Amino acid sequence: MDKATLLRSRADALAAARNFFAKRKITEVDCGALVHSPPLDANIDVMSVSVSDREIGYLHTSPEYAMKRLLTEGSGDIYFLGHVYRKGEIGPRHNPEFTMAEWYRIGFHFFQMIEETCDFIALFAGNLPRRILSYQDAFHTYAHVDIERDSQEELLAAVAHRGVDLPREAASWKKETLIHLILTHFVEPHLGRNEMTILIDYPPEEAALACVVEKGDGLVAERFEIYINGLELANGYHELADANELRKRFNKLNEKRQEPYTLDERFLQALETNRFPPCCGVSVGFDRMLMIQHKLSQISQVIPFSWKSSNI
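Heads up: these notes are all about the structure in this document. (Residues numbered from 1 in each chain as written. Predicted model: local features only at pLDDT ≥ 70, side-chain atom pairs only at ≥ 80, totals over all residues. Heavy atoms only, no water.)

**Side note on the pairing of strand E8 (residues 196-200)**
Remark: a regular strand shows side chains that alternate across the two faces of the sheet. Of all five residues in E8, five are buried, a share of seventy percent or more. Burial along E8 is two-sided: the face carrying Met196, Ile198 and Ile200 and the face carrying Thr197 and Leu199 are both buried. Sheet topology places strand E7 (residues 130-134) next to E8; five bridges connect them, and they run parallel. The residue of E8 that forms the bridge with Arg130 is Met196. (Buried < 20%, exposed > 50% of the residue type's maximum accessible area, 1.4 Å probe, protein only. Helix = DSSP H or I, 4+ residues; strand = E, 2+ residues; numbered from the N terminus. Pairing = 2+ DSSP bridges.)

Written as structure tokens, this is what we have:
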């Protein structure tokens, strides 16, 4: 795709996205990229910047905390469409600066949010069939493992049996590390073949900022991810409003980091006001949707100036 076509395509896609939200009376919010405290995720690293000789700030990896603070202040349904930043994310599907669409719907139940997110993605991917698949069933179907019952040794043997060349220290990896490896290597490539695959019923330890509920004989996180052609496009939650529980989760995440991050007390204090409305939220990778729309394999092909391009 030549540069002029790329620019027109992005402009049209941004306009279509904003029209989607306008029709639903969802208000756009312009959250600043520079924040005092970094968002916490065990698998995402944050870029730090010098604000002054004495102050360090961070480029947000998502506007989530800021948007949730706005929700506690009575903003109503809101969306963000803009750039976010993630350290070290460079590759065919990753760029350290990329465009994200993120929105929150007050009073929506979990499956309403899934349906609306699929409708949004369909603007760019077309009206593909939609299939809901549980996290556990995905591992059963594509990796032939039982992540609840199989031991660490059994999961390690399953990975080795599939010919993955593991380092020596793999024998001492935690079970969750092996599960993540199996997900990325043996499960995700099969998701969303000629359809939207919606992954649900995540284990509680994968809840992130989602509510955990009873289902069947156990607990599951009300979290979903949407895939097309093995590419993750969306990550959504029935949002947890319990500040104490979130603090516990953040502290647990920090234990996994070599360099712990300071907690965003402004965000936690906003939730402690008990004014956070029952809601669902989701983030969607805008550039990845354009990759799907134009049947391209490299994120650099849909970004005017990608980090790895020669003309940035």
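**Observations concerning helix H1 (residues 3-23)**
Here H1 contains 21 residues, and its C-alpha end-to-end distance of 30 Å stays within 8% of the 30 Å for a straight helix at 1.5 Å per residue. Among all positions in H1, only Leu6, Ser9, Arg10, Ala13, Ala17, Phe20 and Phe21 are buried. Viewed along the axis of H1, the buried residues span an arc of 100°, placing them on a single side of the element. Exposed positions of H1 whose direction lies more than 90 degrees from the buried face are Arg8, Asp12 and Lys23. Next to the buried residues of H1 lie strand E5 (78-85), strand E6 (97-106), helix H3 (110-125) and helix H9 (286-293). Among the residues of H1, the N-terminal cap falls to Asp2, whose side-chain oxygen and the backbone nitrogen of Ala4 are separated by 3.1 Å. Positioned one or two residues after H1, Lys25 has a phi angle of 60°, which is positive. (Expected span 1.5 Å × (residues − 1). Arc of directions from axis to C-beta. Contact = heavy atoms within 4.5 Å. Polar contact = N/O pair within 3.5 Å; in protein donor to acceptor, adjacent residues only side chain to side chain.)

**Observations regarding the layout of surface pockets**
Here the second largest pocket defines a volume of roughly 350 Å³. Gln136, Glu148, Gly218, Leu219 and Val220 are the residues nearest the centre of the second largest pocket, which is lined by 16 residues in total. Elements with a contribution of two residues or more to the lining of the second largest pocket: helix H4 (135-143) and strand E10 (218-221). Among the elements that make up the lining of the second largest pocket, the one with the highest residue count is E10 (three residues). Considered class by class, the residues forming the lining of the second largest pocket number seven nonpolar, four polar and five charged. (1 Å grid on protein atoms, 1.4 Å probe; cavity = no way out; pocket = protein on both sides within 12 Å on 5 of 7 lines; lining within 4 Å. Points joined across faces, edges and corners; volume = space filled by probe spheres on them. Nonpolar A, V, L, I, M, F, W, Y, C, P; charged D, E, K, R; others polar.)

**As for the packing of helix H7 (residues 243-255) against helix H8 (residues 265-272)**
Their axes nearest at 9 Å, the elements H7 and H8 cross at an angle of 155°. The angle between H7 and H8 places the two elements in the roughly antiparallel class. Counting all contacts with H7, which are made through Ala243, Leu246, Arg247 and Phe250, the residues of H8 involved are Glu265, Phe267, Leu268, Leu271 and Glu272. Residue classes in the contact of H7 with H8 are distributed as six nonpolar, no polar and three charged. (Axes fitted to C-alpha atoms, helices over the stretch in contact; angles between N-to-C directions. Parallel < 35°, antiparallel > 145°, perpendicular 65-115°, else oblique.)

**Regarding the pattern of salt bridges**
Following the criterion strictly, the structure yields 17 salt bridges and no others. For Glu116, the salt bridge goes to Arg105, with nearest N and O atoms at 3.0 Å. Highlighted residues: Glu116 in helix H3 and Arg105 in strand E6, separated in sequence by eleven residues. As far as burial versus exposure is concerned, Glu116 and Arg105 are alike and both buried. Lys215 is the salt-bridge partner of Asp201, the closest N and O atoms lying 2.8 Å from each other. Residue Asp201 is located in the loop between E8 and strand E9 (212-215), and its partner Lys215 is located in strand E9; the two are separated by 14 residues in the primary sequence. What you see here is one network of salt bridges that share partners, running through Arg24, Asp77, Arg105 and Glu116. (Salt bridge = Lys/Arg side-chain N within 4 Å of Asp/Glu carboxyl O.)

**Focus: the packing of aromatic side chains**
Applying the stated rule across the entire model yields 17 aromatic pairs. Centre to centre, the rings of Tyr65 and Phe250 are 5.9 Å apart; their planes meet at 45°, and the pair counts as tilted. Note that Tyr65 is positioned in helix H2 (residues 64-72) and Phe250 in helix H7, a separation of 185 residues in sequence. Its relative accessible area of 2% is what places Phe250 among the buried residues. One aromatic cluster is present, formed by Phe20, Phe21, Tyr79, Trp103, Phe120, Phe124 and Phe286 through successive ring pairs. The side chain of Lys3 reaches across the aromatic face of Phe305, ending 4.7 Å from its centre. It is Arg24 that lies over the ring of Phe20; its NZ or CZ is 3.6 Å from the centre. (Phe/Tyr/Trp six-rings, centres within 6.5 Å; stacked < 30°, edge-to-face > 60°. Lys NZ or Arg CZ within 6 Å of the ring centre and 35° of its normal.)

**Some details on the side chain of Asp146**
Inspection of the secondary structure puts Asp146 in the loop between H4 and helix H5 (152-161). Judged by its relative accessible area of 10%, Asp146 is buried. For Asp146, the side chain forms a polar contact with the main-chain nitrogen of Glu148, separated by 3.0 Å. Ignoring sequence-local partners within four residues, the contact set of Asp146 consists of Gln136 and His140.

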